[in-house]
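# Overview (structure and organization)
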Amino acid sequence: MEPAPIPANFHAVFAISTNVPNYPGWATQIDVSGDTLLAETPINGPDAPNGGLTPTHAAILPNNSKLFVANAGSVQGGLDAVSSFSTAVQSTTSTGFGPVSAVSLPTPTSSITAISESGNLVTATLSAPLNNVPVGYTIVISNVVIPGCAAPACNQNAYNGAFPLLSNSGTTITYSNPNPDLAAASGGTAAFPPQPVFLNSTQNSFMYVANYNSNSVSAINTMLNVVSNSVAVGVHPVSLAETPNGLKLYVANQGSNSVSTLNTTSLSPNTANGLVAGFTGITPVWVVARGDSQKVYVLTQGDGQLVTIDTATDTVTGSLSVGAGANFIFFDPYLNRLYVTNPATSMVYVFSDTGGANDTPIQLGAISFASGSIPCPAGCSPTSVTALPDGSRFYVASYQITSSASPCPDPTVNVSPCLIPGLTVFAASNLTVQYPSAPTLTLLTWSPPCSGTTCPTGPFATNQYALPPVAACASPVLPAVYAPGATRFRVFTTASADSTHVYVSLCDGGAIADINTTDSNTNNGGSGAPADTLVTDLPAPYAGPSQTLGSPLQPPIFMLSGQ
């Protein structure tokens, strides 16, 4: 008789990956103890077959019952929605994800009564105005069919797609179309898509989503899978954080250099203008809340500040410099620390979340990943960090792009430049590199033959450690900033809740590196493997329509740990 599962031993990590154009991204659930893929699903559903395009972010409810994925499908002319589905549970047989449902988001839409083009300038007459849609924002034109137009000589759908709005004067809008001098038509719709890009919640009854294009935040009722309320915030919200007590929500508005503060009970502003007082940072990019709900920390990419906000007064109480280009904050609730990565300056900063004036952070260390440094002698760009819940170590995911003037140092990769992903392990007690003789762990596993008595298996060539760069995996570099469709994290890392594993998503490699952090690794060809050993690379789903062996692998772009 097969033994019953032990719920306390069941832990999971989740990942989302993008697909080739016009095909939905996928979600993956990893069984931590088994080093296996427990569930995979495309993130569109029967109620939204053209949904799931351009996944941007994911979040799980605190009770781990449901996963939510934000999809900015309008980037490809598709549907903007939040996919929702139950997670796989521990069982003697695989349960897989539950059915995927699409949560519709508020999307102002108007019918097109006439549409024509002169050169590349399209003019559309609408049945009703699209109010409050600013010039430069994305609109989606769909279901316009050019009469008397047939393939292959003519593309009858050439009016359709996502375009920046050039003008909006009531019922007349204009935009530029790369397909010139199209014949006049009528019918179809013009829509102002929300473009969801970030999800967060500390309660099980609601999930909050930041909508980049519509400058709004929506609250999703997680029982009914419907939007219960939406509120306007600043320009281009890109990150949000709910306080652990569930009372307040803070939103980083990248386009207006502001932070919105909202009351979660009614999703209404907490201040007269809805903004945190005294915030002067440029290009806010990430927000986290302290475990006691008394402080919120905002990272600004444009001027490189770690800003402290007092949640009782919704005012800024401190700011620390981390350099322009900083991209990510990780909050460690076990050691009460903040970790900040800056790929532009090759730096990682470590702060205690308290100890400074007015209960603000104090810096514990600044770790260089520049050329000649101990963590990365060749020079790396750190993009994310995670820490073990047991408080022993933290891990920095980074990558190096080699010089195009010389061949890739990895002979298995015949392109130049090439990309070398890595993971560096630090002792949390003194912030030193755990393995100074080989500071950066290789993240690619290979199939035999290879050196040593045991060889892990994986999707890469023998002894491969570098990757051909994938253009779509490159993150924006200042002065360019994030927009839906861009990749935020070329490599991203997260730790399992039981401190036994760390994972690194490899966008360019189409895989997730699985590192066993214990010294009793039995999955790497036998027992006795040392701590922080690469177990395997878990391949992302196959891309495109065929989903068959030999197809390219989808690039994983984000991960999160369940309980």
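The structure contained in this document is the topic of the report that follows. The structure displayed is predicted, hence computed values, not measured ones. (Residues numbered from 1 in each chain as written. Predicted model: local features only at pLDDT ≥ 70, side-chain atom pairs only at ≥ 80, totals over all residues. Heavy atoms only, no water.)

## Focus on the side chain of Thr283
Assignment of secondary structure puts Thr283 in the loop between β21 (268-269) and β22 (284-289). The buried category is assigned to Thr283, whose relative accessible area is 10%. Excluding its chain neighbours within four sequence positions, the residues that come into contact with Thr283 are Gln254, Asn257, Leu299, Thr300, Gln301, Gly302 and Val481. (Helix = DSSP H or I, 4+ residues; strand = E, 2+ residues; numbered from the N terminus. Buried < 20%, exposed > 50% of the residue type's maximum accessible area, 1.4 Å probe, protein only. Contact = heavy atoms within 4.5 Å.)

## Some points on unusual backbone geometry
A cis geometry characterises the amide bond from Ser416 onward to Pro417, with omega recorded as 0°. When you line up the elements, Pro417 lands in the loop between β31 (393-401) and β32 (419-427). Of note, the amide linkage connecting Leu478 to Pro479 takes the cis form, showing an omega dihedral of 10°. Relative to the helices and strands, Pro479 is located in the loop between β33 (440-442) and β34 (491-495). The backbone of Asp359 shows a phi angle near 60°, a positive value even though the residue is not glycine. When you line up the elements, Asp359 lands in the loop between β28 (347-352) and β29 (362-368). Residues other than glycine seldom take positive phi values, yet Asp532 does so here, at roughly 60°. You can see Asp532 is positioned in the loop between β36 (511-516) and β37 (533-539).

## Remarks on the state of the cysteines
According to the stated counting rule, one finds 4 disulfides in the structure shown. One disulfide bridge connects Cys149 with Cys154, the sulfur atoms lying 1.7 Å from each other. Measuring handedness by torsion sign, the sulfur bridge of Cys149 and Cys154 sits at about -110° and is left-handed. Paired through a disulfide, Cys473 and Cys507 show a sulfur-sulfur distance of 2.1 Å. Looking along the S-S bond of the Cys473-Cys507 disulfide, the torsion reads about -80°, which is the left-handed sense. Highlighted residues: Cys473 in the loop between β33 and β34 and Cys507 in the loop between β35 (501-506) and β36, separated in sequence by 34 residues. On the basis of relative accessibility, which here comes to 0%, the residue Cys473 falls in the buried class. For Cys507, a relative accessible area of 3% puts it in the buried group. (Disulfide = S-S within 2.5 Å.)

## So, the side chain of Ser496
Looking at where Ser496 falls in the secondary structure, it is placed in the loop between β34 and β35. We classify Ser496 as buried; its relative accessible area is 0%. Leaving out residues up to four positions away in the same chain, Ser496 has contacts with Val13, Val32, Pro389, His501, Tyr503 and Ser561.

## Details of the packing of aromatic side chains
Within the structure shown, the criterion is met by 17 aromatic pairs. On the numbers, 6.1 Å between centres and 55° between planes, the contact of Phe369 with Phe426 is tilted. You can see Phe369 sitting in the loop between β29 and β30 (381-387) and its partner Phe426 sitting in strand β32, a full 57 residues away along the chain. For the ring pair Phe489 and Phe558, a centre distance of 6.4 Å and an interplane angle of 35° mean the geometry is tilted. In this pair, Phe489 is assigned in the loop between β33 and β34 and Phe558 in strand β38 (residues 556-561), connecting sequence segments 69 residues apart. In this pair, the class of Phe489 matches that of Phe558, namely buried. An aromatic cluster is built from Phe198, Trp286, Phe328, Phe489, Phe492 and Phe558, whose rings are joined through pairwise contacts. (Phe/Tyr/Trp six-rings, centres within 6.5 Å; stacked < 30°, edge-to-face > 60°.)

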